[in-house]
Structures are given as C-alpha cells and as structure tokens.
Amino acid sequence: MNWVYIRDLKDHIGERVEIRGWLRRKRSSGKIHFLALRDGSGFVQGIVERSSVSEELFKLAKKLKMESSIIARGIVREDPRAPEGVELLIDEIEVVHQPEKDFPINKPDHGIDYLMDHRHLWLRSKRQFHILHIRHEIIRAVRDFYNERGFVLIDTPIFTGSIGESAGNCFEIDYFDYGKAYLAQTGQLYLEAACMALGKVYNLGPTFRAEKSKTRRHLIEFWMNEAEVAYYQHEDNMKLQEELVSYVVQKTIERAANHLHAIGRDISKLEKIEAPFPRITYTDAIKLLQKKGFNVNWGDDIGGDEETAIAEEFDKPVIVERYPRKMKAFYMQPDPENPDVVLCDDMLAPEGYGEIIGASERIWDKELLIERIKEFGLDVESYSWYLDLREYGSVPHSGFGMGIERVVAWIAGLEHVREAIPFARTLYRIHP
Ligand code: 4AD
Ligand code: MG
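Residues numbered from 1 in each chain as written. Chains lettered and ligands numbered in written order. Predicted model: local features only at pLDDT ≥ 70, side-chain atom pairs only at ≥ 80, totals over all residues. Heavy atoms only, no water.

In the annotation of an unreviewed UniProt entry, the entry for the chain reads Asparagine--tRNA ligase, and the organism field reads Kosmotoga olearia. Of the chain, the UniProt comment under Subcellular location (unreviewed entry) reads exactly: "Cytoplasm". According to UniProt, the comment filed for the chain under the heading Catalytic activity (unreviewed entry) is "tRNA(Asn) + L-asparagine + ATP = L-asparaginyl-tRNA(Asn) + AMP + diphosphate + H(+)". (UniProt positions renumbered as here; feature names shortened; annotations may be inferred.)

Enquirer: Even after reading the chapter, I still don't get the sheet that holds strand β6 (residues 152-153), so can you show me in this structure?
Expert: Sheet strands pair via backbone hydrogen bonds, and the direction of the pair is either parallel or antiparallel. Spatial strand order, β6-β10-β11-β18-β17-β16-β13-β12: eight strands in an open sheet with mixed pairing. Edge positions in the open sheet fall to β6 and β12 (279-281), since each of these has one partner strand only. Pairing of strand β17 (residues 354-361) with strand β18 (residues 397-403), which is carried by five bridges, proceeds in the antiparallel orientation. Looking at β18, one finds that Ser-360 is bridged to Gly-399. Along the sheet, helix α4 (residues 126-148) contacts β6, β10 (200-208), β11 (221-230) and β18; its crossing angle with β10, the most-contacted strand, is approximately 150°. Sheet strands touched by helix α9 (residues 304-311): β13 (318-321), β16 (344-349) and β17. Its angle to β16, the strand with the most contacts, is close to 75°. (Pairing = 2+ DSSP bridges. Helix = DSSP H or I, 4+ residues; strand = E, 2+ residues; numbered from the N terminus. Contact = heavy atoms within 4.5 Å. Axes fitted to C-alpha atoms, helices over the stretch in contact; angles between N-to-C directions.)

Enquirer: How should the nonpolar core be read in this particular structure?
Expert: Generally speaking, nonpolar side chains in soluble globular proteins are found buried as a group. Grouped together as the largest cluster of nonpolar side chains are 58 residues, with contacts concentrated most on Tyr-146, Val-245, Trp-410 and Ile-411. Per-element tally for this core: the top contributor is helix α6 (residues 234-262), with ten residues. When neighbours within four sequence positions are excluded, Ile-411 is seen to be in contact with Ile-138, Val-248, Val-249, Thr-252, Leu-260, Arg-265 and Leu-270. (Core = buried A, V, L, I, M, F, W, Y, C linked by side-chain atoms within 4.5 Å. Buried < 20%, exposed > 50% of the residue type's maximum accessible area, 1.4 Å probe, protein only.)

Enquirer: How should I be thinking about α4 in this particular structure?
Expert: Along an α-helix, residues three or four positions apart point the same way, because every turn accommodates 3.6 residues. Compared with an ideal rise of 1.5 Å per residue, which puts 23 residues at 33 Å, α4 spans 33 Å between its outermost C-alpha atoms and is within 8% of the ideal. Among the residues trailing α4, Gly-150 stands out with phi positive, at a value near 75°. (Expected span 1.5 Å × (residues − 1).)

Enquirer: Honestly, the UniProt feature "domain: Aminoacyl-transfer RNA synthetases class-II family profile" (unreviewed entry) in the chain in this entry has me stumped. Any pointers?
Expert: Per the UniProt entry, the sites bearing "domain: Aminoacyl-transfer RNA synthetases class-II family profile" (unreviewed entry) are residues 132-422 in this numbering. Taken end to end, residues 132-422 has its terminal C-alpha atoms 7 Å apart, with 36% of it in helix and 23% in strand.

Here is the structure:
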C-alpha cells in the first residue's frame, strides 16, 4: 500500500493511498463521519460514508477518540472547497492506539497557563504547527544568508569560564575541580577568536540569561544567531544586519506564506521590510521620547515601552546607534568623536516587538580592554585568552547577535515569545 504524506495528497488524486496520522476531531451526521486528520505534514478531512463502507468500519469510526493514532486507507478525491484541495474517502482504518482518556486540549478557550502546562500536547494544534514551521523557515533563511556570503559556521560552547555579557544575569554552575563556570549568555567572545582565524563567522545556538524580567519579550533560554567579521567597522556591521533581516523576512514570506496566512499574519507589513533601514542615534532617540512625553534623560535605559514608542515612528526596523558607554557591555569600542558613547547599535522591530539585534564594534586595543573589564567588575584573569586576541595581530572587528524568538514573534505576529520556541523556559516554568 502506498503510504503518502498529507502534504503530497494532491499529487495522488483518484488513487487509493494510505495515510498514517492522528484524529484531530470528529463530526458525524447519521450517514457520514467527517474525520479531521493530521499526520505532521498537514491536515485533511477523511470521509467515512455509511452507504459505501462495512457496518463494522462505520462503527469503528464512530468510537474513535480525539488523538487516536490511526492508519487510514482510501481514495483521494479533489475538493476545491477544502483548504488542502483534497479529501480522503476512507474505506479502511487500522487503529494504532486508542486513548482511554479525553485529550486535554479540547476547547477553544483554554487559559495560557493551562496550555503551557500541556505544551507537549498543545504542539499538536494547528496554530502551533504553523508557528513551528515559520520558525523552521526563519532559521533556514538565517543559515542560507551566511552560507551564500562565505561565512563559516562556528559552534560556540555552552559552558564557559568567561562571562560574555554582564555578571548580573549569569547562570553559575559548579564545574568539577575548576570551580565556578557559567552557561553562555553569548558566544561572542569565541566568535571574536574564530573571526581572526576564518574572517567571517557565525553561530546559532541556545543562550541563557537568569533574567528576573517577566515580559512578553524575555525567555531564560533563547536561541541567538551571532555573526562576527574581522576588519568590519560599525558602518559595515549595520549594513550586514540590515541585509540579514531583509533577507530573512523576504525568504520567510516566500517559503512560509501558507503558514503566515493560516495564522492570520498581515503580510503586507512584512513586504516593506527591505534594506536600508532608518537610523537614529541614542541621543536623538532620547529627544524623540521626550517630545513624545516620556520622562527620560540622556543616560537612561531605553525600556520596552520606550522601544515601542521609537519603533512606531517607522514602518521598517529602526537602528538606534551610539549608546552611552556606561549602559552597554565592556567590550564595545568607544566612538572616536565622542568617548561617552560607543560604536554600537540595537535594531528595534516594528509593531512593538522590541530589540531584535544587539551589536557593536569591539575594542581591539589590549590596554583599553583591560581597563574596561576592571571597570565592569569582571575578573581580568578569566579573560587572558580573550586578551591574547589583542596581543597577536589585533584588528578592528565587529559583530552582532539576533534573538531568534523575538524575530519569530515579530514575523509571525505573536503576542508573546513563549509561543515562538517549542518548549519555552521562562521565570516560572521549567516543565514540560
Ligand atoms: O543584546 P544582547 O544581549 O547582545 C549580546 O549578547 C551580544 N554579545 C551579541 C553580539 O554582539 N554577538 O542580545 C542579543 C539579542 C537581543 O537583541 C535580543 O533580540 C535577544 O538577543 N535577547 C533575548 N531574547 C529573548 N529573551 C531574552 N532574555 C533575551 N535577551 C536578549
Ligand atoms: Mg541588547
């Protein structure tokens, strides 16, 4: 028997095929059972007609519970009204497993905590299916972007002895005889080493922040894509970020249009996302915020609400550059024209999705870097290898990190990043 995935059924019209999947829902009239089926590749309606099947099969179909796993066989029929364009006229069902209990996710209005408690089962719903496909296409586009431009993938470590960003929100672990180690907040320091060997490098992996913030943009474990390029300066860096984000948005529209439509995303807003992006300095951003009535002063942090207020002035992502040195990480290169600010940028997504990229040119002078490490209260000793990069053929270099879940949330139009990752780790959640 010809096992076919639902996604491919349209190429088998008129044929008798087998699909292997699960029953999502059932609707019955006296004469017909309508079985909403899924198999991981898509969704299709199966029809069991009393007039054309055995009584035994008709009864069996009637008894099937939600999320029973079944192998169904029948003829593929064209159905222009169905979203998939086909339906399956079932004449045989093999039950692989019939649940005893009712499937816990069976209402349209479960609360979010209940859904997150059942995330392992919630993943089977249509909406999550589409979101995970969108995430898949976004990550694929990120990799394609770098591969097309001659970047080399460098997998940076998760366990690290040197704090990558700041001491404040680092997960500490006990690492054998060595003592204290950390879960990576970033792979940046390792990419800096690798770019001196391979020129243009990138990574993509999980990062960890013990953040006490409970917002719709923060996860404890999130995926980050970082890039680092030797000899790149601030301007080159911003250009690369714009090109990456435009590329990822356009490729995702192209490859995941059906998934975006299925969850109701307004694609017209995404179609405008083409480089170049507007730029504004931190100093001008503060003036803009003051004009908009925010009580902020130069030197203050730009929080979530402020980010949204800046971003709503533009219909593309906006690059905010040259932040005060005191607000940013230790490794950022000072602006030669104004040493109070650093050659960094944050990219803010439109529609209130906040910071999707954090970036900077890096300090490449050893003495200045040592000064900064001390100023930020970090342990110089644990950076001796990092300082070596400034000892042997040091060059200006720049890079950035892009938060995958923030980008997924933005492109898919999600309310919260917890739906943008298969199993979210948030302040109050480690299960499932
Ligand atoms: O701005 P961040 O902290 O930058 C770095 O880690 C640099 N070392 C990157 C680099 O230059 N190589 O983080 C980068 C991005 C943010 O812009 C944001 O999109 C995302 O990572 N991010 C988070 N996403 C979800 N939950 C969190 N708690 C996040 N923290 C940062
Ligand atoms: Mg940042």
